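Remarks on the overall topology
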Amino acid sequence: MAGSKALPTFCFLLCAASCALAAASYDYMILSLIWPGTRCQPGWNGKPTCCVDPLIDNPELDFLVETMETYDSATGKLVAKCEPSCRFLINPLADLMDDLYAYWPSLSCPAQNGKQVWKDAWCTYGNCTSLSEVNYFGRALQLRARADVLHALGSKAIIPSETKSYSLDDIEDALVSKIGFSAVVECTTEMGVLSGKYLLSRIRICVSADGKSLITCPFSRKSNCGRKVKFYPFTENMLGRPRHPAADHIELPSDKAMAQ
Ligand SMILES: *[C@@H]1O[C@H](CO)[C@@H](O)[C@H](O)[C@H]1NC(C)=O
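Residues numbered from 1 in each chain as written. Predicted model: local features only at pLDDT ≥ 70, side-chain atom pairs only at ≥ 80, totals over all residues. Heavy atoms only, no water.

Per UniProt, the comment on the protein chain under Sequence similarities (unreviewed entry) is "Belongs to the RNase T2 family." (UniProt positions renumbered as here; feature names shortened; annotations may be inferred.)

Next up, the structure:
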């Protein structure tokens, strides 16, 4: 008669599982890091596609945080916009501002300070977590630094290059040896000059619900890249403004020199 005792327990577990499903609560996150060398490729007309507010420092020449999304591992679906009346305050982030400008910038044109980008991340995902603003943003930045994707790739001689392509296998191996099975590599295929080529655009990294650790992804997702991947350099002149005011005053060759 052992079965009759087990049955209520079984029913209870079943209910607990389906109730959790109904609530669609987040239980892990994905930190999305973009490679600005791809994001900021100039447009077909040579115009910059990335812009940074002249009043703030340029972002670092590194993988940058795009957002940190909340997911439900029971369904594998995004959990987003949990509160219609979301409030985003900038003051709690005062101590993080330098890091946010450096590693979580707004890149869209025309240039903006990052506030809209951070508000969107907070009100779409952060507010669905159990984290405070400071912990949501602070931990995302810490994990970006811990994953240290640029160095993980560099240590396997995968460095940004205009001419080289790298094998997707090598890129994935370099990431696995640094952060385990937490990462998915994403590419875009460009039109125009780079037509038909796969460009490394994002590394998406699975993160525990508390934002403290990198975890093996609950759903193994395949990369959308081809076997050969371009890893274009990111340079500051992609940002729609020179870094040094002096660069405004570079002397063009004289008419005479041009005529020779
Ligand atoms: C999400 O927003 C609501 C409404 O502003 C607030 O009551 C709640 O505490 C927020 N959640 C978090 C994790 O801050």
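Okay, the pairing of strand 1 (residues 28–34) next. For strand 1, the buried fraction is high: seven of the seven residues fall into the buried class. By the alternation rule, side chains of strand 1 split into Y28, I30, S32 and I34 and M29, L31 and L33, which are all buried. Here strand 1 runs beside strand 2 (residues 64–72); their pairing, made up of seven bridges, is antiparallel. Its bridge partner lying in strand 2, L33 is registered against V65. Relative to strand 6 (residues 198–208), strand 1 runs antiparallel, the two sharing seven bridges. Following the sheet pairing, I30 is matched in strand 6 by C206. (Buried < 20%, exposed > 50% of the residue type's maximum accessible area, 1.4 Å probe, protein only. Helix = DSSP H or I, 4+ residues; strand = E, 2+ residues; numbered from the N terminus. Pairing = 2+ DSSP bridges.)

Around the ligand, the neighbouring residues are E83, S85, R87, W122, N127, T129 and L131. Within the backbone of S85, a nitrogen or oxygen atom sits 3.1 Å from an oxygen atom of the ligand. Within the contact set of the ligand, an oxygen atom lies 2.5 Å away from a side-chain nitrogen or oxygen of N127. Protein burial of the ligand: of its 360 Å² of free accessible surface, 57% is covered by the chains. Here the shell around the ligand is built from residues that sort into two nonpolar, three polar and two charged. (Near = heavy atom within 4 Å. Polar contact = N/O pair within 3.5 Å; in protein donor to acceptor, adjacent residues only side chain to side chain. Areas by Shrake-Rupley, 256 points an atom, 1.4 Å probe, with all protein chains shown as cover. Nonpolar A, V, L, I, M, F, W, Y, C, P; charged D, E, K, R; others polar.)

Moving on: the environment of V117. Looking at the secondary structure, you find V117 in helix 4 (residues 115–124). Classification of V117 by relative accessible area gives partly exposed; the value is 24%. Considered as a pair, V117 and W104 are 13 residues apart in the sequence and their alpha carbons are 8.4 Å apart. Excluding residues that lie within four positions of it along the chain, V117 makes contacts with W104, P105 and S106. (Contact = heavy atoms within 4.5 Å.)

A few words now on empty space enclosed by the protein. Summed over all chains, the structure comprises one cavity of 30 Å³ or more. Put simply, the largest cavity is a space of about 40 Å³. Taken together, V52, D53, I56, D57, P59, Y101, P105, S106, Q112 and G114 make up the full set of residues lining the largest cavity. (1 Å grid on protein atoms, 1.4 Å probe; cavity = no way out; pocket = protein on both sides within 12 Å on 5 of 7 lines; lining within 4 Å. Points joined across faces, edges and corners; volume = space filled by probe spheres on them.)

This brings us to a negative patch on the surface. Residues D57, E60, D98 and D99 make up a contiguous surface patch of negative charge. With respect to the helices, strands and loops of the structure, D57 is situated in the loop between helix 2 (36–39) and strand 2. (Patch = residues over 30% accessible without salt bridge, like charges linked within 9 Å, V, L, I, M, F, W, Y side chains within 5 Å. Salt bridge = Lys/Arg side-chain N within 4 Å of Asp/Glu carboxyl O. Lys, Arg positive; Asp, Glu negative; His and termini not counted. Charge placed at Lys NZ, Arg CZ, Asp CG, Glu CD.)

Here we come to the nonpolar core. The biggest cluster of nonpolar side chains holds 59 residues, and the ones touching the most others in it are F63, W104, F137 and L153. Considering each element in turn, this core owes the most residues, six residues, to helix 5 (residues 133–147). The next biggest cluster of nonpolar side chains, apart from the first, holds five residues, and it includes Y28, I30, C206 and C217. (Core = buried A, V, L, I, M, F, W, Y, C linked by side-chain atoms within 4.5 Å.)

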